[in-house]
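# Topology and contacts: notes
So you can see what is in the structure, the chains are spelled out below.
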Amino acid sequence: MDMDAVMLARIQFAFTVSFHIIFPSLTIGLAAWIATLLVMWRRTGREHYYNLARFWTRIFAVSFAMGVVSGIVLSYQFGTNWSRFSDVVGNVVAPLIGYEVLTAFFLEATFLGIMLFGWNRLPPWLHVTAAICVAVGTTLSAFWILSANSWMQFPAGHVVRDGIAYPDDWLKIIFSPTFHWRFLHMLTAAYLTTCFVVIAVGARYLIAGKHREHALTMLRMGLGMAMVLAPLQAFFGDSSGQSVRVHQPAKLAAIEGHWDGDEPGPVPLILFAIPNEKEERNDFQIAVPYLGSIILTHSLDGTFPGLKQFAPEDRPPVWGPFFGFRVMVGIGVLMILVAWWGGYLWRRGRLGEVTLFTRVAALMWPTGFIAVLAGWLVTENGRQPWVATGILRTADAASPVSYTAVLTTLILFVVVYSVVFSFGIYYINRLINRGPVDAPPVGATGLPSRPITGMGRRPGSEIAEVEV
Amino acid sequence: MDLTLDYYLPVIWAVIIASAVGLYVILDGFDLGIGILFPFARKEEDRDLMMNSVAPFWDGNETWLILGGGGLWVAFPLAYSIVMPALYLPVIVMLLALIFRGVSFEFRWVAKPKHRHWDIAFAAGSTVAAFCQGLILGGLIQGIEVQDRQYVGGSWDFLTPFSVLCGVGLVAGYALLGATWLRGRVEGPVADRAAHLAKRAMLAVLAFIAAVSIWTPLAFEPIADRWFSTPNIYFLWPVPVLTALLGLGLWVGLHRPAGYSPFFFSIGLFLLSYLGLAISTFPLLVPPSVTIWEAAAVPASQIFSLIGVTFMLPIVLGYTVFVYWTFRGKVRPGEGYH
């Protein structure tokens, strides 16, 4: 495979992985949210929680289906587009993916059937258990994926012989040095993404003046969670940053737009700049003195290496990590502000009113997704030029597949994903417009006489659908 | 070769992966079959019923495909890295087809009443995925060109009359599984129609089995040697005889009142064909040159993953059975969560 075909394969992987990550970001959190609602329903006996759980289950099902199908693609792309990678690090990385399939995929996929179709077939406690199993499955899935990815970021517990990586210590491989903070960071990101989707849907109902009780529950539960998680995420993010400083200094330099590292400190924090890779400097920058040292080394005059201290062929590209990081952090700060603003109004008993806050909250739904995508851009682009740091360069990892073949399938992916996922998002929006509806009585003997989907066609509901 | 870990581990893994692929073919086979049969359904309600007969299971079923592919990578990374580029186009087209099939399960209900295109996506996705899986199978049997641990052929080498025959054969086979599954799972006109379709699919499948059984030994000399040399032939003659007996049982079962027996006979046909395939190729993993021992991962990786399989596979099988048991009995019109 020549260099251009490698580039196409990279674009293909970036494209498919970016699409995929959107759905787990939502379903990891939604599975936990639905399980929580069902547990609350069991403990309080209030139909209100049950109806909310059913409402979100429909949205979950559509997102999950898209997550599954786009995930299968990824698991095969290691072989189709990155066969040298499969061969060189297969002995180490493949078992981690194998464990994901064994412990997580089957759990999610199998209990999803029960979760979706078991409402009237199983005793409620068993149905709740199935929902919990799905939530556990999605989390385990994230565990193994982050484990494999963290090993690629900073490999440990392996030996390399004749260019092939062999396992040496499995615990070190699974829990490689960057894993812990990255896993917590990703998991929290998924929960926060879901929080703000739930909050935004609640706010949207308040503005539209419908489903008031449900809307308030969504706002309260979403805000309660976000008020804790958003600041916590700042801490996890900072800890991840410390881990990057220690283990991937070149990536850190790219994130910071930091070129000269050999001068004595203190290092300023660059808020905004236009990095110029050719001339190895920033064309324009706004910086705060001392702050770089304080944030990154937790001291007043600490320094860290700049990009010029790495050989040009070992440097990551600067733009992706630099701008991706700023988008991610910006959204993180926004999330903290909005969550605490909402908490303040809640405390003063004004959460149900349509104020500026409600309108802002309704617009917050895409923020988590954007932050996650930006975060992945930082971490994956910042890992270049290595696919497995120090072991295998991206340029040497690709399959012996022709340029035309990769181009053809790339076009196919773009077309299919655009069609399929546009519909998916349209349908999720449609389900949200339908809103929560009173479900048939729980545990009723016999089965509903027609698909519950039919409720979309109840008198009056057509009106709700028109006002998309 | 010594009878050591290096010898046994790849054999154990070959059995595990063969089982995962076998389970995939049977389990996802019948739900892909439902999609293949979708265009033959007469009414909207019939299609609803067909889809609901597999809706709680398809996702778990499809996961065996990931275990098959993932398992190949785990235990035989070299084979994985050779086979995937060689079968690049059919693998990716299969994945894209599975996307359409998979999302249709949810989209179709949400889109109602304007869901015609998702009926088409479901049918086309299932059929194309099945056809591509046949192409992949055929492409593997006919052999893959390898030099220095890499595939050295072209993008279209997989496409031959033989692999196309395998593709068509697998579509017919999945249709048979789907039709006989429906025969057991639903009642009324849909079940009767399924029996009718199953008969046609069965004739197609038997014709296909006969064609492949004649074609492969003629075209691929090692396969002929395997089957027709002594003493092998003394042990192997029951395979075709059993196939014929199963076909007979299936035919009789389809003329009886609705029940699951035709489904189990169909599974039997699949298993025997699969056994025949294993006899033809073992111990080659990537015909004609790479054996399971050459392609195997280091023992440390195989053992580590084997521990997971030993603990997890019984649990996975346990809750898979639980789901099938939960949704046992006939599906009735109007059932579903949507």
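Everything numeric in this text was worked out from a predicted model, so none of it was measured. (Residues numbered from 1 in each chain as written. Chains lettered and ligands numbered in written order. Predicted model: local features only at pLDDT ≥ 70, side-chain atom pairs only at ≥ 80, totals over all residues. Heavy atoms only, no water.)

## Observations regarding the pairing of strand β4 (residues 281-288) of chain A
Residues and elements named next belong to chain A. Judged from the six bridges that link them, strand β3 (residues 269-276) and β4 form a sheet pairing that is antiparallel. Considered in β4, the bridge of Ile270 is made with Ala287. The loop that links β3 with its antiparallel partner β4 comprises four residues; one of these, Glu280, has a positive phi angle of about 55 degrees. (Pairing = 2+ DSSP bridges. Helix = DSSP H or I, 4+ residues; strand = E, 2+ residues; numbered from the N terminus.)

## A closer look at the UniProt feature "transmembrane region" (unreviewed entry) in chain B
With numbering aligned to this structure, UniProt lists the feature "transmembrane region" (unreviewed entry) at residues 12-41, 86-108, 120-141, 161-182, 203-220, 232-251, 263-286 and 306-327 of chain B. With 100% helix and 0% strand, the stretch residues 120-141 of chain B has end C-alpha atoms that lie 31 Å from each other. (UniProt positions renumbered as here; feature names shortened; annotations may be inferred.)

## Thoughts on the pairing of strand β1 (residues 158-161) of chain A
Residue and element names in this part refer to chain A. Two elements, β1 and strand β2 (residues 164-167), share four bridges in a ladder whose sense is antiparallel. Paired with His158 across the strands is Pro167, a residue of β2. Joining the antiparallel neighbours β1 and β2 is a turn of two residues, in which Asp162 adopts a positive phi near 50 degrees.

## Re the packing of aromatic side chains
One pass over the full model with this rule turns up 61 aromatic pairs over all chains. Between Tyr7 of chain B and Trp293 of chain B, the ring centres sit 5.1 Å apart and the planes meet at 15 degrees, which makes this aromatic pair stacked. Of this pair, Tyr7 of chain B sits in helix α1 (residues 5-37) while Trp293 of chain B sits in helix α13 (residues 292-295), and the two are 286 residues apart along the sequence. Centroid distance Phe30 of chain B to Trp181 of chain B: 4.0 Å. Interplanar angle 20 degrees. Geometry classified as stacked. Taken together, the residues span a long stretch of sequence, with Phe30 of chain B in helix α1 and Trp181 of chain B in helix α7 (residues 161-185) at a distance of 151 residues. Here the two residues Phe30 of chain B and Trp181 of chain B agree in accessibility, since each one is buried. Following the ring pairs from residue to residue traces out a cluster consisting of Tyr99, Phe143, Trp144, Trp170, Phe175, Phe179 and Phe183 of chain A together with Phe304 of chain B. Looking at Arg54 of chain A, its charged tip hangs above the ring of Trp119 of chain A, at a distance of 4.5 Å from the centre. A cation sits over an aromatic face here: Arg393 of chain A above Trp386 of chain A, 4.2 Å from the ring centre. (Phe/Tyr/Trp six-rings, centres within 6.5 Å; stacked < 30°, edge-to-face > 60°. Buried < 20%, exposed > 50% of the residue type's maximum accessible area, 1.4 Å probe, protein only. Lys NZ or Arg CZ within 6 Å of the ring centre and 35° of its normal.)

## Quick word on unusual backbone geometry
Residue Pro385 of chain A is bonded to the preceding Gln384 of chain A through a cis peptide linkage, with omega at 5 degrees. With respect to the element layout, Pro385 of chain A can be found in the loop between α12 (367-381) and β5 (386-388). Here the bond from Lys112 of chain B into Pro113 of chain B is cis, since omega is 5 degrees, no more than 30 degrees from zero. Structurally, Pro113 of chain B is set in the loop between α5 (88-111) and α6 (116-141). With a phi angle near 50 degrees, His211 of chain A is a residue other than glycine that sits in the positive phi range.

## Some thoughts on the side chain of Ser147 of chain A
Residue and element names in this part refer to chain A. For Ser147, the position within the fold is in helix α4 (residues 124-153). A distance of 2.9 Å separates a polar side-chain atom of Ser147 from the backbone oxygen of Ile174. Every residue in contact with Ser147, bar those within four places of it in the chain, is listed here: Leu96, Ile173, Ile174 and Phe179. (Polar contact = N/O pair within 3.5 Å; in protein donor to acceptor, adjacent residues only side chain to side chain. Contact = heavy atoms within 4.5 Å.)

## Quick word on the packing of helix α3 (residues 58-75) of chain B against helix α4 (residues 77-86) of chain B
Residue and element names in this part refer to chain B. Where α3 contacts α4, the axes come no closer than 5 Å and their chain directions differ by 125 degrees. Regarding the angle of α3 to α4, the classification is oblique. Residues Gly69, Leu72, Trp73, Val74 and Ala75 of α3 touch α4, and the partners they reach there are Pro77, Ala79 and Tyr80. The residue inventory of the contact of α3 with α4, partitioned by class, reads seven nonpolar, one polar and no charged. (Axes fitted to C-alpha atoms, helices over the stretch in contact; angles between N-to-C directions. Parallel < 35°, antiparallel > 145°, perpendicular 65-115°, else oblique. Nonpolar A, V, L, I, M, F, W, Y, C, P; charged D, E, K, R; others polar.)

## Some points on the side chain of Thr358 of chain A
All names here are of chain A. Within the element layout of this structure, Thr358 appears in helix α11 (residues 356-362). On the basis of relative accessibility, which here comes to 1%, the residue Thr358 falls in the buried class. With near-sequence residues (within four places) excluded, Thr358 lies in contact with Ala203, Leu206, Ile207 and Glu353.

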